[in-house]
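Okay, here's what each chain looks like letter by letter:
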Amino acid sequence: MNRTINHILLVLFTATVLVSCNDGASLQKYFVDHQESKDFITQDIPISMLKIDESKFNNEQKEAYNSVSRLNFLGFKADETNAETLKVELAKVKTILSNEKYNDLMELSDRGNKVVVKYLGDDDEADEVVVFGSSKDMGFGIVRVLGDAMSPDKMVTLVGILQGANVDEGQVQDIMNFFK
């Protein structure tokens, strides 16, 4: 009897561990699974690559900028031959990002182009910020913003900083050429 109970407890424990480890589809897994696909491009971009004059930052902007260490980019280029694949891949990404673990930060839409910003973490600290942009004509791109002690509120100010940033085009030339 004892042996049967021990066996049942071991099976239940193992099942619990296996179920808790499987969080379903994740953005990180999606990046890994698609980094070698022909319709995709990936790039790891260190934040140090951005040529930003920090002397004009206020304290909140400095803190936000310094909390980011790198950006992971994954892009899918749309063309006339892969329209169905685009729909399938967009659905996969939207399903991943619709998971309740992703918190909404902001959403923009303009002339068929859509940008969604979400984050993993709580209201005080984000473990990861995700910027997802899509266009029927160009495809889509996902940027995972990774760092330490990132504040979701301060990440919104960082978006404004990055819009005016002088980016070293040599670092992102592959991405720009991919979408041409």
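Relevant structure appears above.
Enquirer: Account for the packing of helix α2 (residues 27-34) against helix α4 (residues 83-97), naming residues and giving values.
Expert: Contact geometry for α2 and α4: axes closest at 10 Å, N-to-C directions at 155 degrees. On the basis of the axis angle, α2 is roughly antiparallel to α4. Taken together, the residues of α4 that come into contact with α2 (itself represented by L27, Y30 and H34) are E89, K92, V93, I96 and L97. Of the residues in the contact of α2 with α4, the class split is five nonpolar, one polar and two charged.

Enquirer: Describe the side chain of N72, and please don't skip the residues or the numbers.
Expert: Structurally, N72 can be placed in strand β3 (residues 68-77). A polar contact of 2.6 Å, which involves the side chain of N72, links it to the side chain of D44.

Enquirer: Tell me about the environment of L108, and name the residues and values.
Expert: Mapping L108 onto the fold places it in strand β4 (residues 102-110). Distance in space between the C-alpha atoms of L108 and G133 is 9.2 Å, their sequence separation being 25 residues. Not counting residues within four places of it along the chain, the set of residues in contact with L108 comprises N113, K114 and V115.

Enquirer: Lay out the sheet that holds β4 in plain terms, naming residues and giving numbers.
Expert: Note on sheets: strands pair through backbone hydrogen bonds, and any given pair is parallel or antiparallel. Taken in spatial order, the six strands line up as β1-β3-β7-β6-β5-β4 in an open sheet, and their pairing is antiparallel. Unpaired on one side and paired on the other, β1 (40-46) and β4 mark the two borders of the sheet. Looking at each pair of strands side by side, their axes are set apart by 15 degrees on average, direction ignored. The sheet contact formed by β4 and strand β5 (residues 113-121) spans eight bridges and is antiparallel.

Enquirer: Lay out the pairing of strand β6 (residues 126-135) in plain terms, naming residues and giving numbers.
Expert: Taken residue by residue, a regular strand's side chains alternate between the two faces of the sheet. Burial runs high along β6: eight of the 10 residues are buried. One ladder, built from nine bridges, connects β5 with β6; its direction is antiparallel. Across the sheet, K118 pairs through a bridge with V130, a residue of β6. Counting the residues in the hairpin turn of β5 and β6 gives four residues. Bridge count between β6 and strand β7 (residues 139-150): nine bridges; the pairing is antiparallel. The residue bridging A126 from the neighbouring strand is M150, located in β7.

About the thresholds
- Residues numbered from 1 in each chain as written.
- Predicted model: local features only at pLDDT ≥ 70, side-chain atom pairs only at ≥ 80, totals over all residues.
- Heavy atoms only, no water.
- Axes fitted to C-alpha atoms, helices over the stretch in contact; angles between N-to-C directions.
- Helix = DSSP H or I, 4+ residues; strand = E, 2+ residues; numbered from the N terminus.
- Parallel < 35°, antiparallel > 145°, perpendicular 65-115°, else oblique.
- Contact = heavy atoms within 4.5 Å.
- Nonpolar A, V, L, I, M, F, W, Y, C, P; charged D, E, K, R; others polar.
- Polar contact = N/O pair within 3.5 Å; in protein donor to acceptor, adjacent residues only side chain to side chain.
- Pairing = 2+ DSSP bridges.
- Buried < 20%, exposed > 50% of the residue type's maximum accessible area, 1.4 Å probe, protein only.

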